[in-house]
Each structure stands twice: as structure tokens, then as C-alpha cells.
Amino acid sequence: MTAESALSRRVSALWAIGVLIVGLAGCATRPPDDGTENLPIDDDTAGLKRGGWQDRYFSYGGEFKYFVGFDLQQLHADTGIDYREKLDFLAAHDVNKVRIWLYPSFFGLPGDRNYPANGRILYPWRVDANANKFDLDQWDPEFWSRTRQFLAYARQKGIIVEISLFSIQEPRNYFRQRDVSYAFHHRDNLQDFGRPTDRNGAFMRGFFALGYADNGRTLHNFHAAYIDKALIEFGDFDNIYYELMNEAPGERYWIRQELPHSWLKYWLRYIAEKTEQPVTTHSTGFMDLRDNNRKGWTRAQFAAVGRRYWSDDHVDGFNFHFYSSDPAAISMALNVFQRSGLMLICNEGDGYYDLDRSAGYPTYRITLDVDRLYGEIRHAWGMMTAGGYYSIYFGPVPLVGDATSTAAAEAMQAMRQIVEMTRFEALRPVRDDGSELDDLVSTWPGSGWQVIADPGVGYLAYFWGDEQENAATITLPAGHYRYAWMDPRSPGPALAVGDVALEAPGAVRMGAPQAGRWDSRAGLVLVITANPQ
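Quick look at the structure, then. (Residues numbered from 1 in each chain as written. Predicted model: local features only at pLDDT ≥ 70, side-chain atom pairs only at ≥ 80, totals over all residues. Heavy atoms only, no water.)

Below, the discussion takes up helix α10 (residues 327-334). The buried count for α10 comes to six of eight residues, which makes it a mostly enclosed element. Listed in full, the buried residues belonging to α10 are Pro-327, Ala-329, Ile-330, Ser-331, Ala-333 and Leu-334. Next to the buried residues of α10 lie α9 (299-310), β14 (343-346), α11 (370-385), β19 (448-454) and β20 (458-464). Two to three positions downstream of the cap, the backbone nitrogen of Ala-328 sits 3.0 Å from a side-chain oxygen, assigning the N-cap of α10 to Asp-326. (Buried < 20%, exposed > 50% of the residue type's maximum accessible area, 1.4 Å probe, protein only. Helix = DSSP H or I, 4+ residues; strand = E, 2+ residues; numbered from the N terminus. Contact = heavy atoms within 4.5 Å. Polar contact = N/O pair within 3.5 Å; in protein donor to acceptor, adjacent residues only side chain to side chain.)

A few words on the packing of aromatic side chains. Pairs of aromatic rings are described using the distance from one ring centre to the other and the angle between the two planes. Here the structure, examined in full by the defined rule, presents 56 aromatic pairs. Both rings, one in Tyr-103 and one in Tyr-123, keep their centres 5.5 Å apart while their planes meet at 80 degrees; by these two values the pair is edge-to-face. Of this pair, Tyr-103 sits in the loop between β5 (97-101) and β6 (125-128) while Tyr-123 sits in the loop between β5 and β6, and the two are 20 residues apart along the sequence. The pair formed by Tyr-103 and Tyr-123 is uniform in burial state, with each residue classed as buried. (Phe/Tyr/Trp six-rings, centres within 6.5 Å; stacked < 30°, edge-to-face > 60°.)

The subject of this paragraph is the pattern of salt bridges. When the charged atoms of two side chains with opposite charge come close together, those side chains can pair. Here the structure, examined in full by the defined rule, presents 30 salt bridges. With a shortest N-O distance of 2.6 Å, Arg-195 and Asp-214 are connected by a salt bridge. One end of the pair, Arg-195, is in the loop between α4 (169-174) and α5 (204-208); the other, Asp-214, is in strand β9 (residues 213-214), with 19 residues separating them in the sequence. What makes Arg-195 partly exposed here is its relative accessible area of 28%. Its relative accessible area of 14% is what places Asp-214 among the buried residues. Among the ionic pairs, Lys-229 bridges to Glu-233, the shortest N-O distance being 2.8 Å. With Lys-229 and Glu-233 both in helix α6 (residues 219-233), this residue pair falls four residues apart, about one helical turn. Residue Glu-233 is classed as buried on the basis of its relative accessible area, which comes to 5%. When salt bridges that share partners are traced, they join Asp-71, Arg-99, Glu-243 and Glu-348 into one network. (Salt bridge = Lys/Arg side-chain N within 4 Å of Asp/Glu carboxyl O.)

Given below as C-alpha cells:
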């Protein structure tokens, strides 16, 4: 069966039965020296490949699947977490992507404020129990074995894994904090390596300097060894991709500096020359859109940083952290990136819960905040209608499978179900001139809307905000179309469906569900597909 015919059957089946069937093809893993199963790659379609409009989307096993994710940074490394239970929970809700920090540095070492009092966190390097320090010359085989087993089980459950290799928090924050030990701080490793390079006691200039040396050793060699180890250990997994660094460069000052970008470009090329596994860059820090951009970005600066990477063949995609519940603001921020030819990914949304940390990790008390969850639903659909991907944030918080986790998982499940009702990989958020397709809509059920479309073939419109008219009017080419109104809060059948026919191009009105059947805070999705007669 060709990928084309498989896609056509997928869309037809989803419209016919209104449910989502999950199942990714098996992926290859490392030879089973640690109990992981070895499944060979059968053909060139296996694994994560870029495709669709502007190579914007991932295919897996020769088929496009829309990836919805959870950011679960320590899932592989915390020995107190049964990752199988957590992955089973996600797979049961059709969540097919997770993100981890390979080195979950925020925990530090035993005795630090974030370290579990009665637990154990594994790290890439051995921790000398007597000195309570990292040994940068020794790998921890238990860590690498557990991580391989985690990746193999994720593959078995049809889940891809984004592996974040570094984070800006390490040289900027953890290096300065006495209560979070950091592997490349001289007081925290046996090699007595790594001293402050910045006036505020941080390690930014040292970290990003490819030539940094201390006590007869170079940071370049430590970084190269760490990356090489990951590429070797995970080289046979085709359900993974890498993020080089979380939130680099992260501060306003660094927008104007070449140092972090030289570092990023060097290691992006280094990785790309050694593996075909995709690699993404988070080179724009985070552009906080919640309170008039308190981090000081301007959109011109944002775009200028992005353009450094658009022509770089070693980059597959950009990561963004917007922390915004306004899809229109997200769309505006991403507009300049729409024709970059790279994937657009939010791998960390904002929190959607109230968190009581008083009992310490891992016994945080989590309470669902419905308004914030609905804000994250808007955040997610803002990314989707901009042609991107989204992962909801859990970060260093245990996924417990309670009502809070379930509400978030159901929202992600609904998103995947709705998006896969279309041939989403052909949808585009802008025309060739960069103008958005939102002007196709002339009346709407909410106060805001975003449109992504393959004109004449498929459309997806997301509406949110105060309820307006009880219908949407959208301009379409001549033809027969089927439409469905979907609730993005949880999976289920359409709220309303219908068929329309146009003998000539023009505007057509599609009745929306009655008020009370949807929540304006979470929004409403209109899916339209061509229905040849």
C-alpha cells in the first residue's frame, strides 16, 4: 500500500467511526545486551522522517501521525518512577510523544533541595558515593541501560521521545546555586573542573566558549564525549529525535551575541554529521507573551535570531516556549518563521495546575486549575493552526494518573483525534506570500479564530473567546464538502455535522453547536474536508 492510499483510508476511517486507533510500527533498538528487544528497520520509510507541507511534519513508518506530547523530564532517570505505568497511561489516551532531559540536572545530588529524600536519580556519569560528586570520566551503566529500556518500551507503546541534551538553566542558574549540584561545576565533580566565568558567578561564557579549559581539561571534550555516548547508545532507535539545548540563549543580552549561536551551530553540525536522527534547536530562549513580553524580546530580534538557522542543513526544526493562551499572539510571533522550511515545535507549554511543593519531591500535591488547562488548550491549538506541534508541561512533576493528569491527557487525545480527521500534513497556515488564511472566515462563533488549510481539499478552523454568531461562514472553492464541529476538551463524537455543496466559489454558512455544548474558554474546532460525489 502506498503512503498516499494509506492516508486516504486513514481520513475516511476516522470520519466513519469517529474514534482514533493508535499503533506505530516497531522500531529498531540497540542489540539486546540489556533486555531490550532488537527489531530491524525494514525499509526507508521506517523511523521519523520529515514531510508534508514545507517538510513541516513527521511521518513514522511511512505514515503521518500527529504527535501530541507530555513534557516529563525525569521519567527515564528517577528510579522511583515506574515509567511503564506512566507510558501505559499516556498510550491509553493516544498520547504518542514525550520529552525528557537526558541529564535531569535540576535534581542535583543527594542532600540538595530538589533531590528525593528516599529516592535515587540516575545520571549519565557515575556519582562517587563517598565524595558525593560526579565523576566525569566514568559513565553510569545503570543510567544508560535504564534509558535504553525506557526508549524501547516507549517504542513498543507507539510513543516517540524527544531527548533534550543540554539546558540553559545549567550554566546560568544551577552553576550559581549552592543547593543544586551541577556536573560541570568544580565543587561538584572529582575532576575539579569548571569555574565561574561571569560577573554574577554563572558559567555562560565558559559554557559557550568552545575553547574553555580548566585544570588541564577542555569542556569541548567533555561535551563531545557526552554527545557521542548518546548517539552510540541510542543510534538504533528510530523513535527518537534530539533537542540540542533547552531555551538557549535564554536572556536578552545573548540575543546580540554570537557566542551561543556559534556553539549551537557547531554542535548541531556535529550531531547531524554523525546521525540521521532529527535534531532541533531552541535558539530563541523563550518569548513570554503573557505580560507584554517581560523578557524584552522584540519580534524583529526574534526573527533575526531565527534567520541564523534557516539555511542550516543541520537543523530539522525550531523549538519555542511562548507561555501564551492567545492563539493569535502565537500566530503573529511565528508568522516570520512560516516559510523557513523547518518544523515548529512547542515542547513545553505552561503549567495548568496548582502545585504544593511543601511535602517535597515526589509527593507534590497537584490540583487542576480548569482556567489554566483551557488556556493550555488554546496554546496547543495556536501551535497546531500555525503548522506546529505542542507538548503539555509536567516537567519535574510526577505524572500520577489522577484527575489532573487525565484532564490534560484527554485534551491531548482530543487534539490528535481531531487533527487526524484531516490530511494535516498538507495543511498550510499561510499563503505563498506569507499572508494568513484567517480571512477565509467572515462570521464566527467565537471572538477569535485561526485557520489552517489545504484550499479546496481540507480546512481546520479553531474558534475561541466570547460566543458570537451560532455559525461560521467560510469561503470555499466550488465542490462538495463535509464538515464537523468538535470539542477540544476531550475525545468523542462530533457536536454537529453537515454537508454543503457549492456550484461556484463562494461563502457558505455552517451552523455551529448551540451555546452550552462547548466552552468558549477551551474553544471549538471546525473540520472541513472535500467530499467528492
